[in-house]
Every structure is written in C-alpha cells, then in structure tokens.
Amino acid sequence: MPQTFRDAKCYRSMLFVPGHKLDWMLKAPKYGSDALILDLEDSVGVAEKPAARIAVAQAIKELRAKPIGLFVRLNAWRTGYVIDDLNAVVVDGLNGVILSKTEDPEDIAALDLVLGELERSRGLPVGSIEISPYAETALAMYRLYDICMASQRVKRAGGATGPSPGGDGGRSLGLRYHEEDPPEGVAFGAYSVMQARAAGIVHIEGGMCAQLDDLEMVRRLGEKSKRLGASFASAIHPSHIPIINEVYSPSQTEVDEAREIISALADGIARGQAAVRYKSRLVDYANLRAAMDVIKKAKVAGMDVGDVATVEVPAY
C-alpha cells in the first residue's frame, strides 16, 4: 500500500524550559524558538513535580495565544507520574507531549488512548495533541518504526546524529565516545531516520548540543544533522536558538532556485511535459515536491519567497 506521510506544523527549533520555573516559561518566547518544551522529567526533582505540573498548566494557559508551539515532556510510563502529568497539562493550547524513555509501541498506544479520553472529557478536538517518542534505549531505537506506527499522533521523531555522549541512549548501547559530534553516531542516527521516514514521519529531529557555550559546535551539529535528514532541533540554552533557526531555514539561494524550478515545471506541465531542463539538469515531479518543501519551510521562517507559480502536484 502507498506510504502515508504525516504532515504537521513545521518547527525549526524547540527550547527546553524547566517546568518548575514559571517565570522562565513565561519569558521563554522572547528567545525566538518556534516551540517550547516545558519539561516535567529530568530537569524537575521528584519533590518538585506536583508544583511543576501546576506551573506548566498555568504557563500553557498564559502562552497559548502566542504564535509558538507548546509541548510538554512527560515522565516515562512505569514511574507512577504519567497520569498525574497528563491530568494537569492536557488543556486548551497544548500542542503535543513528548514521552520520555519510550520503550515499545504499547507505550504510545496507551498514551494515545489516555489523550483521547482526556480530549473528549475536556471538550478538546480529538487527536489534536501530538505525541513525540523519545527512543532512549537500544530496544526503543531498534523498534522505532513500530513505535511511530502505533499512533497517527506521532509526527516528529528521529535523532539524525545518533545518541548523545553520556546520555541514556549511548549508555544503553554501551558506546564509549565522549565528544559532542562523534562519527560513530552516524550509523545509529541514519538507522533512526530511516525508520521514522518509513513510518511517514517527515519532521526529523537533529542532534542537540549539550555544550552551553560552544556555539560553533551548535552550528556544526546542526549542519551535520540537516545533511543527514533532520528538519529541526531542540536546545537547552536560549543562545542556541538563533543558530538553529538559521541552520534549519532555507538560504535565499535555495529559495530562489526552488521558485525557479517550480516555475520551469509549471510551464512544462502546461505544455504536457512533466520533465523539463532546468539549467544543466533534468527536473521532474520529484524535484517539484522538494522545491515546494523549501518554499514551505521558507514561509515558516518568515522569508519573502516572491511570486511562486501554482502547479498541481500528484500524490506521492
């Protein structure tokens, strides 16, 4: 059967903010990220979690009118915290939840069911809240395709450069590298990208830089992730956001070329030709789809794309 692609709003950058810091959450939009991840997991101590849930719910209510995505990182299943997390934060304005330490497809299926019940009981559009799985163990990385297929709510996944050094994923795999951007991670990252894309996921997460002050590393990691198929990245420090936004936005040269390809193909299709010469190469519907993706991303970034020809694109 043909593959179904799961489109959703494009985000270039997502900024982590500790969920027990209400003032930090409320001022976070000024840093320019396309979305926020209000964290109830690792950045919040056990004793602080009840108050953090209240603070995150309040932050969503106060920020929901702003043009920024609002996601919450939940605690993992089997911690005893997930239901309390969901009861607190499933409110109008929540765009998605991130499930920490997703282990298997049943974790996603269970979360889908609970979200559906909460949406119905609270008068929210059913299916509107996304699920983003964080595959942080060897088993989860191995099962990522099945995890993504467990719910149509899953629209973002991946990890284009593989597990971070010192993180849960690297420890689970027994990796021994310590540098931020190791070549060894590419194999694991490519495997994750392939599984996510096979499941119809087009929004692929790139590597996140853990070095707070190394902005050059942020850029290198972002550019490498983009080459490996990533379309966005998360950040743990506001200073990373401008670089991430730049890396995951098309350049003006890319936008100009995309517009020209669309125009050339529009003219060709009007003459009954679905493949035409553009400069020194042949372009067809596949190039047209790629060019339209570039224009879409440029619009998200607030770029002026000029006059873009209208052309009907066949289904994938």
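Described below are features of the structure shown in this document. Bear in mind that the values here come from a model prediction, so they are computed numbers and not experimental data.

1. Some remarks on the pairing of strand β5 (residues 130–133)
Right, on to step 1. By the alternation rule, side chains of β5 split into E130 and S132 and I131 and P133, which are all buried.
Right, on to step 2. Regarding the hand of the β-α-β motif, the stretch spanning strand β4 (residues 96–99), helix α4 (residues 105–121) and β5 is right-handed.

2. Section: the side chain of H240
Right, on to step 1. By the secondary structure assignment, H240 is in the loop between β8 (233–235) and α10 (241–247).
Right, on to step 2. When near neighbours in sequence (up to four residues on either side) are disregarded, H240 contacts C209, Q211, L212, L215, V218 and A235.

3. Looking at a nonpolar patch on the surface
Right, on to step 1. On the surface, L139, Y142, Y191 and M194 cluster together to form a nonpolar patch covering roughly 440 Å² of accessible area.
Right, on to step 2. Mapped by element, the contributors of at least two residues to the nonpolar patch are α5 (138–142) and α8 (185–198).
Right, on to step 3. By the secondary structure assignment, Y191 is in helix α8.

4. Here's the deal with the state of the cysteines
Right, on to step 1. For the structure shown, the criterion picks out zero disulfides.
Right, on to step 2. With no disulfide of its own, C148 lies 17 Å from the sulfur of C10, the closest cysteine sulfur.

5. Some remarks on the environment of D104
Right, on to step 1. Structurally, the position occupied by D104 is in the loop between β4 and α4.
Right, on to step 2. The spacing of D104 and I147 is 43 residues in sequence and 6.0 Å in space, taken between C-alpha atoms.
Right, on to step 3. When residues no more than four places from it in sequence are discounted, the contact partners of D104 are R78, R143 and I147.

6. A short note on the sheet that holds β5
Right, on to step 1. Within the open sheet, the six strands sit side by side as β5-β4-β3-β2-β1-β8. Their pairing is parallel. On the outer flanks of this sheet lie β5 and β8, each paired with one strand and no other. Within this sheet the neighbouring strands show an average axis-to-axis angle of 25°, counted without direction.
Right, on to step 2. Inspection of the sheet shows strand β2 (residues 35–39) paired to strand β3 (residues 69–74) by five bridges, in the parallel sense. Residue D39 lies in a different strand from β3, and its bridge partner there is R73.

7. Notes on the nonpolar core
In globular proteins that are soluble, nonpolar side chains generally tend to be buried together.
Right, on to step 1. In terms of nonpolar packing, the biggest core is built from 58 residues, with L36, L38, I60, V72, L86, V97 and L111 touching the most fellow members.
Right, on to step 2. If one sorts the elements of this core by residue count, helix α2 (residues 49–63) sits on top with six residues.
Right, on to step 3. Sequence-distant contacts of I60, that is, excluding residues within four places in its chain, are made with L38, L70, V72, V89, V91, D92, G93 and L94.
Right, on to step 4. By size, the runner-up hydrophobic cluster in this structure holds 16 residues, among which are A258, A266, A291 and V311.

Parameters and conventions
- Residues numbered from 1 in each chain as written.
- Predicted model: local features only at pLDDT ≥ 70, side-chain atom pairs only at ≥ 80, totals over all residues.
- Heavy atoms only, no water.
- Buried < 20%, exposed > 50% of the residue type's maximum accessible area, 1.4 Å probe, protein only.
- Helix = DSSP H or I, 4+ residues; strand = E, 2+ residues; numbered from the N terminus.
- Right-handed = clockwise from strand over helix to strand, strands pointing away.
- Contact = heavy atoms within 4.5 Å.
- Patch = residues over 30% accessible without salt bridge, like charges linked within 9 Å, V, L, I, M, F, W, Y side chains within 5 Å.
- Areas by Shrake-Rupley, 256 points an atom, 1.4 Å probe, with all protein chains shown as cover.
- Salt bridge = Lys/Arg side-chain N within 4 Å of Asp/Glu carboxyl O.
- Disulfide = S-S within 2.5 Å.
- Pairing = 2+ DSSP bridges.
- Axes fitted to C-alpha atoms, helices over the stretch in contact; angles between N-to-C directions.
- Core = buried A, V, L, I, M, F, W, Y, C linked by side-chain atoms within 4.5 Å.

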